Amino acid sequence: MSSKPACAEPHRHSDVDVADRQQTAVALLVSISALLLLCHASALSMVEVWRRSATFAHGFVIVPIACWLAWRQRHQLALLPLRPAPLALLPLALLGMVWLLARLAHVQVLHQLCLVLMLIMTVVAVMGIAWSRAIAFPLFYLLLAVPFGEVLIAPLIDFTTSCCVWILRLFAIPVFRENNHLTLPTGNWSVVEACSGLRYLIASLALGAVYAFITYRSWQRRAVFIAISLLLPIIANGMRAAMIILIGHWSDMTLAIGIDHLVYGSLFFGIVTAVLFWCGGRWREVEEGAAPLSLPVVHSANRIAGKYGVLAITSAVIALTAIWPSAERLLTALQAPAMAAGTLQLAAPPAPWRTAPMQAGDWQALHLGTPQRWSANFHDGRRSISLQLTWYVSQQKDAELLAPVPRITTATGQQRWHETPLGQHQAYIGGKLLSVRESVEQSASVKLLVWRWYRQQGSDTASPVWLKLMLARSKLLGVDQSAAEIVVATAYDEEHERPAARQAMTALLDAMWPAIAQGLHDAGAR
């Protein structure tokens, strides 16, 4: 007696299942809408960056692409159980707390990142683990909407410059490198921020991630292709920059110095991207037909909770989300009123240092708002050193010490200065070891060695992150939020002169340390 094997048939949802799923979809829409409405400041700040920056303009298409990627899996999602995950409320609460701290400290990229992660955890809480796992890639693809990457500009510039030097020497072209400036027999070149390749790196990552998700089925191949999409534009940008310099050099500086500079670069990256996708297509994994046998079937015992369960998780998500914007408004309203702005003044330095007035064309660090400023040039008979103090009596949006402005200094005249970070440097000043951020500011005719650090409530730090934490603590406690940036600089010519410049800067700061501390204290005490 033979028995016919049973054939597995796709599960058909009942009308009750469909109604429950519709209720859950509405609950998710309401939860996400509430999140975006309550944290609208973070959402609008992202849109504003997308609008004004060509580097992050791709943010406008990230959300539609993520929704489309999730929609492609709708048939698989229809077979998965919908079970709200109350445990997701814990990471949602932690993310909300970090969001609050980032808002108080005005760390834009952090509170934007927290907003996207809160959105992801909202999906997990309302739709459940199984459903969210199935669309994990589209969910985390939303992170690319966060405008992030400025921290990579300096290392990308350094890599591009090194790549240019290596290729030029490969062609036996003499080149002299000084930071990110290159000198050739036919002319001078500078690898500036626009040449860092950050825009191409982000675009390649966004496109490569989508291509990998659509083309491959295994996570291993997807990860490899995304990694290549990250590394290839970095290498290609170095080759592009070298190609531009070679064209300019071989044409005696008649080509690749104007708009054709951008045309050649865009054409090169278009070819590189096309080759990347063509090669990736050769390892395409054929999509298997939808096999409901491999997916959990929704039986009556596994149906989602009723409408009251969905209502409960939705209410919890909205209530938990509403805590942090309310706390931000409350803390902002209760924070201590700004002190009366005193006059920032410093005593004269002891001998052998003497004061000289600032000259037209001397550089000054840029800051937003109207802070108190004090600056002077000092001489010891051998070297001239500039000292600048910028003091904010309080920290407000777009008028704070660490407001997002270009940290490249500029001159009062027509000179333009380009900054090359050198990392942190430590020096014994005022009887203690002080860490400063060291950089080189270079114009067409002058090169400066620059030190800068921050001072808040008598504490000194060279870390912007640590200063943000100190300011956030001050806001939470309702205490003094005043802070200052201290900048010292001196001109030098050759690299071997840098130790002598550091020694002179250390000597001036050691002599002026009591005056700096007393001047900031007196300004805040008025």
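Our structure's up above, just so we're on the same page.
Reading guide: rules and limits
Numbering of residues starts from 1 in each chain and follows the order in which that chain's sequence is written. Only residues with pLDDT of 70 or above have their local features reported here, since the model is predicted, and side-chain atom pairs are shown and tallied only from 80 upward, although totals for entire chains, interfaces and linings are computed over all residues. Remark: hydrogens and water are excluded; side-chain values derive from all non-hydrogen atoms of the structure. Segments assigned H or I by DSSP are reported as helices when at least four residues long, segments assigned E as strands when at least two residues long, and all are numbered from the N terminus. Accessibility here uses a 1.4 Å probe with only protein chains present; expressed as a share of the type maximum, an area under 20% marks a residue as buried, one over 50% as exposed, and anything in between as partly exposed. For two strands to pair, DSSP has to find at least two bridges joining them. Polar contact is the term for a pair of N or O atoms within 3.5 Å; when the atoms are in protein, one must be able to donate a hydrogen and the other to accept it, and sequence-neighboring residues count only if both atoms are side-chain atoms. In a helix, the anticipated span is given by 1.5 Å times the number of residues less one. The reported arc concerns the directions from the helix axis to the C-beta atoms and nothing else. Note on contacts: a residue pair qualifies if any of its non-hydrogen atoms lie within 4.5 Å across the two residues. Lines fitted to C-alpha atoms define the axes here, with helix axes fitted over just the stretch in contact, and angles between the N-to-C directions of these axes take values from 0 to 180 degrees. Each angle gets one of four labels, with under 35 degrees taken as roughly parallel, over 145 as roughly antiparallel, 65 to 115 as roughly perpendicular, and the rest as oblique. Two helices cross in a left-handed way if the nearer one is turned anticlockwise from the farther one by less than a right angle. They cross in a right-handed way if the turn is clockwise. Think of it as three bins: nonpolar holds Ala, Val, Leu, Ile, Met, Phe, Trp, Tyr, Cys and Pro, charged holds Asp, Glu, Lys and Arg, and polar takes everything else, Gly as well.

**Student:** Whenever I open this one, the environment of Phe 277 confuses me. Can you help?
**Tutor:** Its place among the elements puts Phe 277 in helix α12 (residues 259-281). A relative accessible area of 23% means that Phe 277 is categorised as partly exposed.

**Student:** Is there a simple way to think about the pairing of strand β9 (residues 418-429) in this case?
**Tutor:** Taken residue by residue, a regular strand's side chains alternate between the two faces of the sheet. Examined bridge by bridge, β9 and strand β10 (residues 432-442) share 11 bridges and lie antiparallel to one another. Bridging across to β10, Ala 427 finds its partner in Leu 434. Connecting the antiparallel pair β9 and β10 is a turn made up of two residues, with Gly 430 showing a positive phi of about 65°.

**Student:** Looking at this structure, how should I read the environment of Ser 463?
**Tutor:** Tracing the sequence through the fold places Ser 463 in the loop between β12 (459-461) and α14 (464-477). When the C-alpha positions of Ser 463 and Ser 435 are compared, they lie 8.8 Å apart, and in sequence the two are 28 residues distant. From its side chain, Ser 463 meets the backbone nitrogen of Trp 466 in a polar contact 3.1 Å long.

**Student:** Teacher, can you tell me more about helix α3 (residues 59-71) here?
**Tutor:** Note that an α-helix has 3.6 residues per turn; residues three or four places apart therefore point the same way. With 13 residues, α3 ought to run about 18 Å at 1.5 Å a step, and its terminal C-alpha atoms sit 19 Å apart, in line with that. Within the span of α3, buried status applies to Gly 59, Ile 62, Ala 66, Leu 69 and Ala 70. Viewed along the axis of α3, the buried residues span an arc of 95°, placing them on a single side of the element. Tucked into the core, α3 has its buried residues touching α2 (40-52), α4 (74-77), α8 (136-141) and α10 (198-215).

**Student:** I would appreciate a short explanation of the packing of helix α5 (residues 89-104) against helix α6 (residues 108-127) in the present structure.
**Tutor:** The geometry of a pair of packed helices is captured by two quantities: the angle between their axes and the separation between those axes. Running from N to C, α5 and α6 cross one another at 165°; their axes reach a closest spacing of 9 Å. Judged on the interaxial angle alone, α6 and α5 are roughly antiparallel. When you trace α5 past α6, the crossing you get is left-handed. Here Leu 89, Pro 91, Leu 92, Leu 95, Gly 96, Val 98, Trp 99, Ala 102 and Arg 103 of α5 come into contact with α6, specifically with Leu 110, His 111, Cys 114, Leu 115, Leu 117, Met 118, Met 121, Thr 122 and Ala 125. Along the lines of polarity and charge, the residues of the contact of α5 with α6 split into 14 nonpolar, three polar and one charged.

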